[in-house]
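# Chain and residue survey
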Amino acid sequence: MATDLRLPTSTIVLPDKDRFLNEENPFEAMMSRFDRAAALLDLDPGIYQVLRHPEKQITISVPVMMDNGEVKVFTGHRVLYNTSRGPAKGGIRFDMAVTLDEVTALAAWMTWKCAVVNLPFGGAKGGVVCDPLGMSVGELERLTRRYTAGIISTLGPDSDVPAPDVNTNERVMAWIMDTYSMHVRHTVTAVVTGKPVEMGGSLGRREATGRGVMFVVREALGHLQRPMAGATVAVQGFGNVGSVAARLLGQQGCKIVAISDRTGGYHNPAGLDVDAAIAHVQRHKTLEGFTGGDALTNEALLELDVDVLVPAALENVITSKNAQRIKARIIAEGANGPTSAGADAILEEKGIFVIPDILANAGGVTVSYFEWVQDRGGYFWSEDVVNERLRDIMTRSFHDVLALSRQHRVNMRTAAYMLSISRVATVHKLRGIYA
Ligand code: NAD
């Protein structure tokens, strides 16, 4: 990227802000960061316009025969936000809260996330408005297959590659892969990622996001010249991302002093036994009743005086309301959107080093990329190879973002957006506008 990238902000077309209006809307948070980064870049207004609009939005009706013999019609969406850098990549969620606006914003988010770690993918997202917890396995399978058939023209290893998201999992990915393969008359494993390992999934995928968090925390501590050994860590959320990050950071010598889930948190200044906590969750489903530390609330966990805070549960847990009280030296955003845009300036003023979500939790999509590569090559890597390649990508990406943040004297979040937007914009400039 060239050094002098500034245009007067007046030449940047202002975004349509009809949607996403308040601080705690995670999509507004993302779009306001996009605008800040775009204003700092040499984006001509035409490319800004292109990047502000989704490439393709598909909305379909999904009729499903329910177990009681009634036909119910669900609404499904798939949005390809930008495919200039490669096939669209992004999850499919089944949830009552799915809307086309939300799916579009999440698809944009995927575009920046893939670009920041330099994967040859664009961004997409999909969803079906439904309550999967109230549906039988048979109903879910029929819903998944009909939704897949409805969006089949966009799907494909070279065009659009879904993955699991809220309320979808390996089993759903297996149904999508099978439906697509039946349509094209041969088995195509690379059409989705997050599949079971037995049918083309990648080793290391389950742990990839938490492992990626560990790698970027390691680099951040090194950058701030703080030793990993004995660094204190608090982790909010003890699911896939939080528990793996806690375990791997512990293995690197960090002291995990607090963990939490939806039932509450546990604090032990001497260090918690993370393996015992994981075993507790395996037995009881939640951390409730864990005896390895003193109880504390999720709010109090965020305000602990620790070296590293890993929010790995929900969006908008750090806002302008509590940012002033955050004492961590480093925040590694395992969750998507845990910090509101209003909190950014406060954290920056306090000198807190934030590793933004699009970088910190990109380990998951990176190993999804490895899965796609392995499926296409028909040659599968050992878990060690997967983990080493993940380490290389996360470490390199951290330093790419850090270098840009120093060059432009901006925080890591703005730098991450600048890097990804400039990567997407560069490809648009090179390709030109097809007429
Ligand atoms: P998960 O469902 O496995 O775990 C979520 C955890 O958060 C659980 O421990 C749950 O109890 C806890 N939680 C829920 N509500 C809470 C609350 N109010 N207070 C405190 N804790 C609460 O989910 P996950 O896969 O670990 O994802 C966590 C976050 O990371 C989400 O924002 C997700 O979008 C993001 N993320 C996940 C991946 C991935 O590969 N799994 C990749 C990128 C980003």
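The paragraphs below set out a description of the structure included in this document. Starting afresh in each chain, residues are numbered from 1 along the sequence in its written order. Since the coordinates come from a predicted model, pLDDT governs what is reported: local features require at least 70, and pairs of side-chain atoms require 80 or more to be given and counted, while whole-chain, interface and lining totals use all residues. To get the side-chain values, take all heavy atoms of the structure and skip hydrogens and water.

### What about the sheet that holds strand β4 (residues 122-129)?
For two strands to count as paired, DSSP must find a minimum of two bridges between them. A run of H or I in DSSP counts as a helix once it spans at least four residues, and a run of E counts as a strand once it spans at least two, with each numbered from the N terminus. The strand order across the open sheet built from five strands is β1-β2-β4-β3-β5, with neighbouring strands paired in mixed fashion. Edge positions in the open sheet fall to β1 (56-65) and β5 (160-164), since each of these has one partner strand only. When the angles between neighbouring strand axes are averaged without regard to direction, this sheet yields 25 degrees. Of the pairings in the sheet, the one linking β1 to strand β2 (residues 71-82) comprises 10 bridges and is antiparallel in character. Bridge pairing in β2 places Thr59 opposite His77. Against the sheet, helix α4 (residues 137-150) touches β1, β2, β3 (88-94) and β4, its axis set at about 140 degrees to β1. To get an axis, a line is fitted to the C-alpha atoms, and for a helix only the part in contact is used. The angle between two axes follows their N-to-C directions and goes from 0 to 180 degrees. Contacts are assigned to residue pairs that have any heavy atoms within 4.5 Å of one another.

### A look at the site of the ligand
By convention in this text, a residue qualifies as near a molecule or strand provided that one of its non-hydrogen atoms is within 4 Å of it. Not every one of the 18 residues close to the ligand is listed here, only the nearest: Thr209, Phe238, Asn240, Val241 and Arg262. Polar contacts, as used here, are pairs of N or O atoms within 3.5 Å; protein pairs need one atom able to donate a hydrogen and one able to accept it. Residues neighboring in sequence count only if both atoms are side-chain atoms. For the ligand, an oxygen atom lies 3.2 Å from a polar atom in the backbone of Gly239. A distance of 3.1 Å separates an oxygen atom of the ligand from a polar side-chain atom of Asn336. Calculation of accessible area relied on Shrake-Rupley with a 1.4 Å probe; when residues are assessed, cover is drawn exclusively from the protein chains displayed. Considering the ligand on its own, with 830 Å² of exposed area, one finds that the protein chains cover 70% of that surface. Along the lines of polarity and charge, the residues of the shell around the ligand split into six nonpolar, eight polar and four charged. Polar here means any residue other than Ala, Val, Leu, Ile, Met, Phe, Trp, Tyr, Cys and Pro, which are nonpolar, and Asp, Glu, Lys and Arg, which are charged; Gly is therefore polar.

### A short note on helix α3 (residues 100-116)
In this scheme, a helix's expected span is set at 1.5 Å multiplied by one less than its residue total. Between its first and last C-alpha atoms α3 spans 25 Å; for 17 residues at 1.5 Å apiece the expected length is 24 Å, and the two agree. Accessibility here uses a 1.4 Å probe with only protein chains present; expressed as a share of the type maximum, an area under 20% marks a residue as buried, one over 50% as exposed, and anything in between as partly exposed. Counting buried residues along α3, 15 of its 17 residues qualify, which places the element largely inside the surrounding structure. Positive phi shows up at Asn118, right after α3, with a value of about 60 degrees.

### As for the nonpolar core
We call a set of buried Ala, Val, Leu, Ile, Met, Phe, Trp, Tyr and Cys residues a nonpolar core when their side-chain atoms join them within 4.5 Å. Core analysis: the biggest nonpolar cluster contains 95 residues, and Trp112 and Ile355 have the highest contact counts within it. Among the elements that take part in this core, α3 stands out by supplying 11 residues, more than any other. Contacts of Ile355, omitting those with residues within four sequence positions, involve Val216, Val217, Ala220, Ile330, Ile331, Ala332, Glu333, Ala360 and Phe398. If you look at the next biggest cluster of nonpolar residues, it comprises 25 residues, including Val64, Val128, Cys130 and Tyr180.

### What to know about the packing of aromatic side chains
Side-chain rings of Phe, Tyr and Trp (the six-membered ring for Trp) are treated as a pair once their centres are within 6.5 Å; stacked means planes under 30 degrees apart, edge-to-face means over 60, and tilted covers the remaining angles. Scanning all chains against the criterion turns up 10 aromatic pairs. Plain terms: the ring middles of Phe370 and Trp381 are 5.2 Å apart, the flat faces sit at 50 degrees to each other, and that makes the pair tilted. Of this pair, Phe370 sits in helix α12 (residues 363-377) while Trp381 sits in the loop between α12 and α13 (383-408); the two residues are 11 residues apart in sequence, bridging distant segments of the chain. For the pair formed by Phe370 and Trp381, the shared burial category is buried.

### Quick notes on the packing of helix α6 (residues 208-223) against helix α7 (residues 240-251)
Axis separation between α6 and α7 bottoms out at 7 Å; the angle between their running directions is 45 degrees. Taken together, the axis directions place α6 and α7 in an arrangement best described as oblique. The interaxial crossing formed by α6 with α7 has right-handed handedness. In this structure, α6 uses Thr209, Gly210, Arg211, Val213, Met214 and Val217 to contact α7, whose residues at the interface are Val241, Val244, Ala245, Leu248 and Leu249. When grouped by side-chain class, the residues that make up the contact of α6 with α7 number eight nonpolar, two polar and one charged. Comment on the angle field: the value is read as roughly parallel under 35 degrees, roughly antiparallel over 145, roughly perpendicular from 65 to 115, and oblique elsewhere. Helix crossings get a hand from a simple test, with the near helix turned counterclockwise from the far one by less than a right angle marking a left-handed crossing and a clockwise turn marking a right-handed one.

### A word on α13
Spanning 26 residues, α13 covers 38 Å between terminal C-alpha atoms, matching the ideal 38 Å at 1.5 Å per step. The positive-phi residue at the C-terminal boundary of α13 is Arg409, with phi of around 50 degrees.

### Section: the pattern of salt bridges
Salt bridges are defined by distance alone: a side-chain nitrogen of Lys or Arg within 4 Å of a carboxyl oxygen of Asp or Glu. Inspection of the entire model under this criterion finds 23 salt bridges. When the shortest N-O distance is used, the salt bridge between Asp158 and Arg376 registers 2.9 Å. A residue pair is termed long-range when its members are at least 10 positions apart, and Asp158 in the loop between α4 and β5 and Arg376 in helix α12 qualify at 218 residues. Assessed through its relative accessible area of 43%, Arg376 is described here as partly exposed. As a salt-bridge pair, Asp307 and Arg226 come within 3.0 Å of each other at their nearest N and O atoms. Here Asp307, found in the loop between α9 (298-302) and β10 (308-311), pairs with Arg226, found in the loop between α6 and β6 (232-236); they are 81 residues apart in sequence, far enough to count as distant.

### A few points about the sheet that holds β6
As summarised here, the arrangement of the seven strands in space is β9-β8-β7-β6-β10-β11-β12, forming an open sheet in which the pairing is mixed. The open sheet has two free edges, formed respectively by β9 (294-296) and β12 (353-355), since each of these has just one partner strand. For this sheet, the mean inter-axis angle between neighbouring strands, taken without regard to orientation, is 20 degrees. In terms of strand pairing, β10 meets strand β11 (residues 330-332) through two bridges, oriented parallel. Bridging across to β11, Val308 finds its partner in Ile330. Relative to the sheet, α6 contacts β10, β11 and β12, its axis offset from that of β12 by approximately 155 degrees.

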